[in-house]
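Examining the three-dimensional arrangement
So you can see what is in the structure, the chains are spelled out below.
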Amino acid sequence: MAIHENLLGGPPPTHLPDDPEPRELLASGAAPSEVAAKYPASSLAWAQLADEAFEAGRVVESYAYARTGYHRGLDALRRSGWKGHGPVPFEHEPNRGFLRALHALARAAQAIGEQEEYERCSNFLRESSPTAADTLS
């Protein structure tokens, strides 16, 4: 039996393909707005924009950035075989942009009083990756 075999019969973990260019640009200090413009499919760039806007008190802007990153991530997950549920491990670095955007969306939704969206996103984050939920909260 394989060490990582899913004994519960649920879907296997989804691992997004690596897209190192936006991650490396952000790590080197490039402005997230420039990275998002150059790599609009990068959930990581949108998540970072959401974080910056939230920290500056621009909550609605943060919500919009997070929602963009979230939807870009959903698109990537579906292209990778995800069927709408199942693990999206935080331990796999290419998944982190999506998970960060999902967390940012929950946070911004809560800040603007959108409780149902906050709960939906928070639950989705915890179901996708308990590690992400614990690490990002």
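Whatever comes next refers back to the structure up there.
Here we summarise the structure given alongside this text.

Calculation rules
Residues numbered from 1 in each chain as written. Predicted model: local features only at pLDDT ≥ 70, side-chain atom pairs only at ≥ 80, totals over all residues. Heavy atoms only, no water. 1 Å grid on protein atoms, 1.4 Å probe; cavity = no way out; pocket = protein on both sides within 12 Å on 5 of 7 lines; lining within 4 Å. Points joined across faces, edges and corners; volume = space filled by probe spheres on them. Helix = DSSP H or I, 4+ residues; strand = E, 2+ residues; numbered from the N terminus. Nonpolar A, V, L, I, M, F, W, Y, C, P; charged D, E, K, R; others polar. Expected span 1.5 Å × (residues − 1). Buried < 20%, exposed > 50% of the residue type's maximum accessible area, 1.4 Å probe, protein only. Arc of directions from axis to C-beta. Contact = heavy atoms within 4.5 Å. Salt bridge = Lys/Arg side-chain N within 4 Å of Asp/Glu carboxyl O. Phe/Tyr/Trp six-rings, centres within 6.5 Å; stacked < 30°, edge-to-face > 60°. Lys NZ or Arg CZ within 6 Å of the ring centre and 35° of its normal.

1. Quick look at the layout of surface pockets
Approximately 340 Å³ is the volume found for the largest pocket. Contributing elements (two or more residues each) for the lining of the largest pocket: α1 (20-27), α3 (43-55), α4 (59-79) and α5 (96-111). With four residues, α4 is the single largest residue contributor to the lining of the largest pocket. When its residues are assigned to classes, the lining of the largest pocket shows eight nonpolar, five polar and six charged. If you go around the second largest pocket, the residues you meet are H103, A106, R107, Q110, Y118, S122, L125, R126, A133 and S137. Secondary structure elements with two or more residues in the lining of the second largest pocket: α5 and α6 (115-128).

2. Considerations on α4
Between its first and last C-alpha, α4 extends 30 Å over 21 residues, near the 30 Å set by a 1.5 Å rise per residue. Buried residues of α4: V59, S62, Y63, A66, G69, Y70, G73, L74, A76 and L77, and no others. Down the axis of α4, the smallest arc covering the buried residues is 160°, so these residues share one side. Those residues of α4 that are exposed and aimed more than 90 degrees away from the buried face are V60 and R79.

3. Some remarks on the environment of S129
Position of S129 among the secondary structure elements: in the loop between α6 and α7 (130-136). We classify S129 as buried; its relative accessible area is 3%. Among all residues touching S129, those that are not within four sequence positions of it are V88, P89, F90 and L99.

4. A look at the pattern of salt bridges
As enumerated under the stated definition, the model contains nine salt bridges in all. The salt bridge partner of R100 is D51, with a shortest N-O separation of 2.8 Å. Highlighted residues: R100 in helix α5 and D51 in helix α3, separated in sequence by 49 residues. R100 gets classed as partly exposed once you look at its relative accessible area, which sits at 23%. Bridged by salt links that share partners, the residues D18, R23 and E93 form one connected network.

5. Details of the packing of aromatic side chains
What the rule picks out here adds up to five aromatic pairs. Centroid distance W82 to F124: 6.0 Å. Interplanar angle 20°. Geometry classified as stacked. In this pair, W82 is assigned in the loop between α4 and α5 and F124 in helix α6, connecting sequence segments 42 residues apart. Take F124: its relative accessible area is 13%, and that puts it in the buried class. With a centroid separation of 5.9 Å and an interplanar angle of 65°, the aromatic rings of F98 and F124 are classed as edge-to-face. Remark: F124 occurs in helix α6 and F98 occurs in helix α5; sequence separation between them is 26 residues. In this pair, the class of F98 matches that of F124, namely buried. Taken together through their ring pairs, the aromatic side chains of Y70, W82, F98 and F124 make up a single cluster. Taking the ring centre of F90 as reference, the NZ or CZ of R96 above it sits at 4.4 Å. Positioned over the ring face of F54 is R107, at 4.3 Å from the centre of the ring.

This is a description of form; function is not addressed.
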